[in-house]
Amino acid sequence: MHKPRDFRELQCRACADGSVLGFDFSMALQPIVDVTRREVFAQESLVRTCSGGPASQIFEQIDDDNRYRFDQMCRVKAVKLASELNIGSLLSINFLPNAVYRPELCIRTTLQAAHEYAFPVERIIFEITEGEQIENREHLRNIVHHYKKQGFLTALDDFGAGYSGLNLLADIQTDLVKLDIALIRGIDSDRARRAIVRGVMQTCNDLDIRVIAEGIETKAELDTLRGLGIDLIQGFLLARPAFEAQSAVDWSALD
């Protein structure tokens, strides 16, 4: 994994200082809904420009030299926003595994932010973010193990696509997995996708891992996923991301 050039001199507060990035950014929130309990299970923090623009405009500015500070800033901004909005659910924070050079040191900024903004660490989920190619699987295993010891929950994003496959799950058991949108789209009319998701559900149940289905856009997809036993749902059907705010969930979509 890439170490920041100045990592030995960085202190926790300096890690969260965005002035050296040369750009600033903000966050949107999108709920993950427990459709059985009819309550918000978690809010996922999503990178946005300061005017609410897409994350791609921020990520195109990330490179090996600023990845570590950017990752640390994302954590602080997410915790701060959750605290300001008095979020009572879990908070899901995407993290960049290749930005974490030593988990016991890199977590200090998050712990400090949780303390400063009075947000309980046990309500934070660290989500292995989409698009990150894992350079060292043993390193990722150590990160997940350390985060769990600190009281954080962990999630594996985009399960079923790219690096997030069964081999990774065999090595690293997170608390949650999020099914890739490619498995979700049109699942109501696709026998193969239903069979695959059914198998994933059985595997995760055996491993005491909860499954989240993301990207749900139609009632037919939602009903099919509920029929397969998935009760944690995220997608435009229920709520779109809200810039620096909490979305209102369309509970009528469950009827």
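Residues numbered from 1 in each chain as written. Predicted model: local features only at pLDDT ≥ 70, side-chain atom pairs only at ≥ 80, totals over all residues. Heavy atoms only, no water.

K.L.:
I keep staring at the nonpolar core and nothing clicks. Help me out?
P.N.:
Note on soluble globular proteins: their nonpolar side chains tend to be buried together. Ranked by internal contacts, the top residues of the largest apolar core, which has 68 residues, are F25, I230 and I233. Of all the elements, helix α3 (residues 67-84) adds the most residues to this core, at nine residues. Sequence-distant contacts of I233, defined by excluding residues within four places in its chain, comprise P31, I32, V33, V35, A213, I216, L222, L225 and L238. In terms of nonpolar packing, the next biggest core, distinct from the first, is built from nine residues, I32, F41, I125 and L232 among them. (Core = buried A, V, L, I, M, F, W, Y, C linked by side-chain atoms within 4.5 Å. Buried < 20%, exposed > 50% of the residue type's maximum accessible area, 1.4 Å probe, protein only. Helix = DSSP H or I, 4+ residues; strand = E, 2+ residues; numbered from the N terminus. Contact = heavy atoms within 4.5 Å.)

K.L.:
I'm lost on unusual backbone geometry in this one. Help?
P.N.:
With phi around 55°, A118 is a residue other than glycine that occupies positive phi space. Counting through the fold element by element, A118 comes out in the loop between α5 (108-116) and β4 (124-128). Phi is positive for D158, close to 55°, though the residue is something other than glycine. Note that D158 resides in strand β5 (residues 153-159). D158 gets classed as buried once you look at its relative accessible area, which sits at 14%.

K.L.:
What should I look at first to understand α5 in this one?
P.N.:
Owing to its 3.6 residues per turn, the α-helix brings residues three or four apart onto one side. The set of residues buried in α5 consists of T109, T110, A113 and A114. Relative to the axis of α5, the buried residues are bounded by an arc of 135° and lie together on one face. Phi turns positive, to about 55°, at A118, one or two residues after α5. (Arc of directions from axis to C-beta.)

Nothing here speaks to function; it is geometry throughout.
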